[in-house]
Amino acid sequence: AFGVVADIQFADAEDGHDFGGCRRRYYRHSLRLLREAVRAWAGESPPIDFVLQLGDSIDGQNARRGETESALQQVLEVLGQLSVPVHHAWGNHELYNFSRARLVHTGLYSRPAGGSDGPPDRECHAYHCSPAPRLRLVVLDAYDVSTLGTDPGSPRYQESLRVLREKNSNDDLNSPEGLKEPHFVAFNGGFSQAQLDWFDEVLKFSDENQEKVIVTAHLPIHPCASNGVCLAWNYEAALSVIHAHRCVVCVLAGHLHDGAYCQDSHGVHHLTLEGLIETPPESNAFGTVHVYEDKMVLKGRGRIPDRVLRF
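All of the points below concern the structure found in this document. (Residues numbered from 1 in each chain as written. Predicted model: local features only at pLDDT ≥ 70, side-chain atom pairs only at ≥ 80, totals over all residues. Heavy atoms only, no water.)

### Quick look at the overall build of the chain
A tally of helices and strands in the chain yields 8 helices and 14 strands. Relative to the globule expectation of 19 Å for 311 residues, the C-alpha radius of gyration of the chain, 18 Å, shows essentially globular dimensions. The principal-axis extents of the C-alpha atoms in the chain amount to approximately 50 × 40 × 35 Å. Split into buried and exposed, the 311 residues of the chain put 59% on the buried side. In the chain, 63% of the contacts between residues at least 6 apart in sequence involve partners at least 24 apart. Entry remark: accessible area of the chain is about 12,800 Å², with carbon and sulfur atoms responsible for 50%. Each charge sign in the chain was given a centre, from 29 positive and 41 negative side chains, and these centres are 3 Å apart. (Helix = DSSP H or I, 4+ residues; strand = E, 2+ residues; numbered from the N terminus. Rg over C-alpha atoms; globule rule 2.2 N^0.38 Å. Buried < 20%, exposed > 50% of the residue type's maximum accessible area, 1.4 Å probe, protein only. Contact = heavy atoms within 4.5 Å. Areas by Shrake-Rupley, 256 points an atom, 1.4 Å probe, with all protein chains shown as cover. Lys, Arg positive; Asp, Glu negative; His and termini not counted. Charge placed at Lys NZ, Arg CZ, Asp CG, Glu CD.)

Here's what the structure looks like:
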């Protein structure tokens, strides 16, 4: 069993709104809701084995307010009350607050210290582990190709900007207006070929060892688990890796605060979790997932509905 939460986006700030100005965001209350989630997870029976934090743990405005480090410390202190590991995906708001090079040295870097669990690039926050027999968790880095958190003079930045400019002709690269492929915006990102090659090898191993695999990333990788905008740039490439194997049963993502769900043509479940940041103080948005031989059962709280995902 494991806990799951997405888009905490904590800031010690008054309530605000999304970029469109119509969705309320409860910046300060998100930490209180996270405390409630941690208390619930700590009391689960049977006990949970880990927690997935699906990215955007703190809000981008912390960088402007000079409160990046203190905001992250407060979130990590709450999660640190758990006696189980927390696996962190990196989202766009992490990269508004920190460079990739700096993130490696924060508590959000949950990739194990060894070298064999992820791609050769140590700044790529992708890795895998086996939390239970014949079960594998793969954490992907959906901003491995991105203009966020990288030095504008670096090859990574230049290549990411080229990819983005090729698809997005708007002056505001965060705007999907008029685009044929509206997910090519700066607040999304993609997977490098090196990460995809590594991912393919991990799934090959899991096929050979008859494992079930749960994949997680901040960005959804299926259009039907998205609104068409909140989607990884090269989601088709990630899907083609998954569909070349038999082992993946579920992909968990955040980013789209409304949440979404679909089961694709290969039987893989794609579940995008509702965001904590847009959850009213009297509600909540987290869940506990129980994994069985033939299904995953999500017990949701507040905005997150219960689900049974059969393999």
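### A short note on the pattern of salt bridges
For the structure on display, the rule yields 21 salt bridges. The partner of Arg-102 in a salt bridge is Glu-69, with the nearest N and O atoms 3.1 Å apart. Of this pair, Arg-102 sits in helix H5 (residues 100-103) while Glu-69 sits in helix H3 (residues 68-79), placing them 33 residues apart in sequence. On the accessibility criterion, Arg-102 (32% relative accessible area) is partly exposed. For Glu-69, a relative accessible area of 44% corresponds to the partly exposed category. One salt bridge connects Asp-117 with Arg-111, and the closest N-O pair in it is separated by 3.9 Å. (Salt bridge = Lys/Arg side-chain N within 4 Å of Asp/Glu carboxyl O.)

### Looking at the nonpolar core
Grouped together as the largest cluster of nonpolar side chains are 82 residues, with contacts concentrated most on Leu-34, Trp-41, Phe-199, Ile-221 and Val-248. In terms of residue count, helix H1 (residues 29-42) provides more of this core than any other element does, 7 residues in total. Trp-41 has contacts with Gly-3, Val-4, Val-5, Ile-48, Val-51, Leu-82, Phe-286, Gly-287 and Thr-288, leaving out every residue within four places of it along the chain. In terms of nonpolar packing, the next biggest core, distinct from the first, is built from 7 residues, Val-145, Val-163, Ala-186 and Trp-233 among them. (Core = buried A, V, L, I, M, F, W, Y, C linked by side-chain atoms within 4.5 Å.)

### Topic: H1
Between its first and last C-alpha atoms H1 spans 20 Å; for 14 residues at 1.5 Å apiece the expected length is 20 Å, and the two agree. By the burial criterion, the buried members of H1 are Ser-30, Leu-31, Leu-33, Leu-34, Ala-37, Val-38, Ala-40 and Trp-41. (Expected span 1.5 Å × (residues − 1).)

### With respect to the side chain of His-290
Here His-290 lies in strand E12 (residues 285-291). Look at His-290 and you get buried, because its relative accessible area is 8%. Look past the residues within four positions of His-290 in its chain and what remains in contact with it is Ala-1, Glu-44, Lys-295, Met-296, Val-297 and Lys-299.

### Points about the sheet that holds strand E7 (residues 135-139)
Strand order in the open sheet made by the 6 strands is E6-E7-E8-E9-E11-E10, with mixed pairing throughout. The outermost strands of the open sheet, each flanked by one partner alone, are strand E6 (127-132) and strand E10 (260-263). Strand-to-strand twist in this sheet, taken as the mean axis angle between neighbours without regard to direction, amounts to 15°. In the sheet, E10 pairs with strand E11 (residues 269-272) via 4 bridges, with the strands oriented antiparallel. Residue pairing across strands places Ala-260 opposite Thr-272, the latter belonging to E11. In this fold helix H7 (residues 193-208) packs onto E6, E7, strand E8 (212-216) and strand E9 (248-253), with an angle of close to 175° to the strand it touches most, E7. (Pairing = 2+ DSSP bridges. Axes fitted to C-alpha atoms, helices over the stretch in contact; angles between N-to-C directions.)

### Describing unusual backbone geometry
Along the chain, Ser-45 connects to Pro-46 via a cis peptide bond; the corresponding omega equals 0°. Along the chain, Pro-46 turns up in the loop between H1 and strand E4 (50-53). Phi is positive for Asp-56, which is not a glycine, with a value near 60°. Looking at the element boundaries, Asp-56 is found in the loop between E4 and helix H2 (61-65). For Asp-56, a relative accessible area of 1% gives the class buried. The backbone of His-255 sits at a positive phi, close to 80°, despite the residue not being glycine. Within the element layout of this structure, His-255 appears in the loop between E9 and E10.

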